[in-house]
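# Architecture at a glance
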Amino acid sequence: LSFLEHGIKDNYTVNCSGSLTIGNRNFRCWKSTGHDTVNFRKAIAESCDDFFYKGSLKIGINKISQTLGKLGFGELSGIDQIKNGKKKDLISLGM
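Since this is a predicted model, take the numbers as computed values, not measurements. Every chain's residues receive numbers from 1 upward, in the order its sequence appears when written. Predicted model: local features are reported for residues with pLDDT of at least 70 only, side-chain atom pairs are reported and counted for 80 or more only, and whole-chain, interface and lining totals are derived from all residues. Side-chain calculation: all heavy atoms of the structure are included, whereas hydrogens and water are not.

## Describing the overall build of the chain
Here a helix means four or more residues in a row that DSSP labels H or I, a strand means two or more in a row labelled E, and each is numbered from the N terminus. A tally of regular secondary structure across the chain gives four helices and six strands. Reading the secondary structure of the chain in the N-to-C direction produces α-β-β-β-β-α-α-α-β-β. Under the scheme applied here, a residue whose accessible area is under 20% of the maximum for its type counts as buried, over 50% as exposed, and between as partly exposed, the area being computed with a 1.4 Å probe on protein chains only. Relative to its 95 residues, the chain shows a buried fraction of 24%. Only heavy atoms enter the contact rule, under which two residues are in contact if any of them lie within 4.5 Å. In the chain, of all internal contacts separated by at least 6 residues, the share reaching a separation of at least 24 is 44%. What sets the accessible areas is the Shrake-Rupley method with a 1.4 Å probe; for residues, cover comes only from the shown protein chains. Total accessible area on the chain stands at roughly 6900 Å², and carbon and sulfur atoms take up 53% of it.

## Things to note about the pairing of strand 2 (residues 19-22)
If DSSP finds at least two bridges between two strands, the strands pair. Where strand 2 meets strand 3 (residues 25-28), four bridges bridge the pair, whose relative direction is antiparallel. By the bridge assignment for strand 3, Ser 19 is matched with Arg 28.

## Section: the pattern of salt bridges
What counts as a salt bridge is simple: a side-chain nitrogen of Lys or Arg found within 4 Å of a carboxyl oxygen of Asp or Glu. If you walk through the whole model with that rule in mind, you get two salt bridges. Salt-bridge contacts for Glu 5 lead to Lys 70; the nearest nitrogen and oxygen are separated by 3.2 Å. Placement of the pair is Glu 5 in helix 1 (residues 2-5) and Lys 70 in helix 4 (residues 61-70), with a sequence separation of 65 residues. The closest approach of N and O atoms between Lys 54 and Asp 50, which form a salt bridge, is 2.9 Å. Of this pair, Lys 54 and Asp 50 both sit in helix 3 (residues 49-59), separated by four residues, roughly a single helical turn. The partly exposed category is assigned to Lys 54, whose relative accessible area is 21%.

So, in structure tokens, the structure goes:
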């Protein structure tokens, strides 16, 4: 959703080789041999990690954060949750 909201067109494609190196870190796709050319539909259908890594780099964390904010992440959910004996009601990213 964030990709489409922030200028990545629905015909955007990447070549998934199975991994993406950023600095000294290697981010791997679940399919180690890669998915070859991947568009939105294929990325979702086959859960191509590389597509989402590259799209995220293209739009940046601030735009992704904006979309998450619109979806209610970081806001009170109105549903009480108990974690480690403490009451919480924030929608979070699991942190």
